[in-house]
Amino acid sequence: MSSLTTTARLIQTTLGLDVRCYDTQDQLLLSLNDPARTTPHRPHFPQLTTITHLTHYTDGWRLSYLIVPLTNGTCVVGPFTTTALTSQVVTTVLAQNHLTVSEQHQLTQLYDALPMLSAAEVQATGTVVATLWHYPPLTTSCQTLTVPLPTLSNPLPAIDSPRLIEQNYRTEAQLMATISAGDTAGISEYFRPMTATLTLFQNRLPNQPLRSCKNMCLVSNTINRIAARQGGVHPAYLDRLSEKYARLVEQQHTIAGLKKLTVAMLTDYTQLVKDHATTGYSPLIKRAVDYVQLHLGHPLRVNDIATTLNASPTYLSRRFKAETGQTLTAFVHAQRIHSAQVYLLNTTTTVTEIALLVGFPDLASLTKQFKALTGQTPSDYRKHPQFQPRD
């Protein structure tokens, strides 16, 4: 293995950041990256040969990189973030890069997977990277020393009694039923029991309380995902949320942080069921609803949806109206208006940009449908909303 690869792998393994190495002609020589952090675009950097000092560079997607000039090329470390990327930031990035709400989940998923570094951490990371490149590490062997465990004179007592185990399973079943029902009010009753479970199980792995609690959170993530699926949520939504929390669990450094994450997890899975469950619909209409919600930012015509679902437009329209009480076109408009309401109340994105984000071809179309549904124009609603959309 070359010294270039050795140093690059050391940086990636130690810092948990992707590493790219370029030659003096800005041609890529080596790329070590985490597939979970795949960017929605090909990373674009300034002309690397013109950079002569350690540089912190942020691109148009709010992704940050450290650029380190080398003797025979350049090393780029990242991406990472330096600020909390709120829904306002995500919306702005989508608009600036001419994307729609349909790509919001992918971009949010990427941001969630990235480490966030403070200014001091960026400087320290840059110093470490620059030092490693200018003083290549020695190849050394590492011995392993194991301290023998003391012999126990008595066996360990059983931690869980049968009665406690039965109670835990009853609570789990009740919790899953609450999530499956999308009961956002009732789920709060499980915040205290579920966070207490982390304290109870933190000694499952000897001398590793944080790892024990992380394992329990990962188990909870799986249970919540199964419950939401039983509640009728499309797997695409579940996959995004499940991956998000799997990463967030591993990024936590304290048990207190894991307890807060447990509460957020319960809330989000229950809200997901409330917002996106299609229980009670026939398979065809379930697929139609899921398709609309997953492609909201793209053109959605009844004929195109019917073709995708291998159904005739007439039959699909008739079944949709019979099962939902509204036409498919009205449903599409309602979903887009709801998304627009969320953006209007929670971001400073312009109304025109919001129209394009949620799938309307122009501002006039959004205004017409918005006023028909709410009785207000988008601008009036932003100033004086007459009713709040669900989160």
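Residues numbered from 1 in each chain as written. Predicted model: local features only at pLDDT ≥ 70, side-chain atom pairs only at ≥ 80, totals over all residues. Heavy atoms only, no water.

1. Details of helix α6 (residues 191-201)
Turning to α6, its buried residues number three or more, namely Met 194, Thr 195, Thr 197, Leu 198 and Phe 201. Around the axis of α6, the buried residues are gathered within 140° of arc, so they sit on the same side. (Buried < 20%, exposed > 50% of the residue type's maximum accessible area, 1.4 Å probe, protein only. Helix = DSSP H or I, 4+ residues; strand = E, 2+ residues; numbered from the N terminus. Arc of directions from axis to C-beta.)

2. As for the sheet that holds strand β1 (residues 19-22)
One open sheet holds the five strands; their spatial order is β2-β1-β5-β4-β3, and the pairing between them is antiparallel. This sheet does not close on itself; its edge strands, each paired only once, are β2 (28-32) and β3 (55-58). Adjacent strand axes in the sheet meet at a mean angle of 20°, parallel and antiparallel pairs treated alike. With six bridges joining them, strand β4 (residues 64-70) and strand β5 (residues 73-80) adopt antiparallel strand pairing. Paired with Leu 66 across the strands is Val 77, a residue of β5. Sheet strands touched by helix α1 (residues 3-15): β1, β2 and β5. Its angle to β2, the strand with the most contacts, is close to 35°. Against the sheet, helix α4 (residues 119-134) contacts β1, β3, β4 and β5, and its axis sits at roughly 30° relative to β4. (Pairing = 2+ DSSP bridges. Axes fitted to C-alpha atoms, helices over the stretch in contact; angles between N-to-C directions. Contact = heavy atoms within 4.5 Å.)

3. Side note on helix α12 (residues 313-324)
Look at α12: 16 Å from first C-alpha to last across twelve residues, which is about the 16 Å you get at 1.5 Å a residue. Positive phi shows up at Gly 325, right after α12, with a value of about 85°. (Expected span 1.5 Å × (residues − 1).)

4. Thoughts on the packing of helix α13 (residues 328-346) against helix α15 (residues 363-374)
To characterise two packed helices, one gives the angle between the axes of the helices and the distance between these axes. With their axes 10 Å apart at the nearest point, α13 and α15 run at an angle of 95° to one another. Relative to α15, the element α13 lies roughly perpendicular. Residue-level inspection shows His 333, Ala 334, Ile 337, Ala 340, Gln 341 and Leu 344 of α13 in contact with α15, the latter providing Leu 366, Gln 369, Phe 370, Leu 373 and Thr 374. Its residues assigned to classes, the contact of α13 with α15 shows seven nonpolar, four polar and no charged. (Parallel < 35°, antiparallel > 145°, perpendicular 65-115°, else oblique. Nonpolar A, V, L, I, M, F, W, Y, C, P; charged D, E, K, R; others polar.)

5. What about the environment of Asp 23?
As for its position among the elements, Asp 23 is in the loop between β1 and β2. With a relative accessible area of 19%, Asp 23 lands in the buried category. Residues Asp 23 and Thr 71, spaced 48 residues apart in sequence, show a C-alpha to C-alpha distance of 9.5 Å. With residues up to four places along the chain from it excluded, the contact list for Asp 23 reads Leu 29, Asn 72 and Gly 73. Side-chain polar atoms of Asp 23 contact the backbone nitrogen of Gln 25, separated by 2.8 Å. (Polar contact = N/O pair within 3.5 Å; in protein donor to acceptor, adjacent residues only side chain to side chain.)

6. Side note on the packing of aromatic side chains
Evaluation of the coordinates by the stated rule reveals six aromatic pairs. Centroid distance Phe 370 to Tyr 381: 5.3 Å. Interplanar angle 70°. Geometry classified as edge-to-face. One end of the pair, Phe 370, is in helix α15; the other, Tyr 381, is in helix α16 (residues 378-383), with eleven residues separating them in the sequence. Look at Tyr 381 and you get buried, because its relative accessible area is 0%. Among the aromatic side chains, those forming a connected cluster through ring pairs are Tyr 22, Phe 45, Tyr 57 and Tyr 65. Taking the ring centre of Phe 360 as reference, the NZ or CZ of Arg 336 above it sits at 5.8 Å. (Phe/Tyr/Trp six-rings, centres within 6.5 Å; stacked < 30°, edge-to-face > 60°. Lys NZ or Arg CZ within 6 Å of the ring centre and 35° of its normal.)

These figures capture arrangement, not role.
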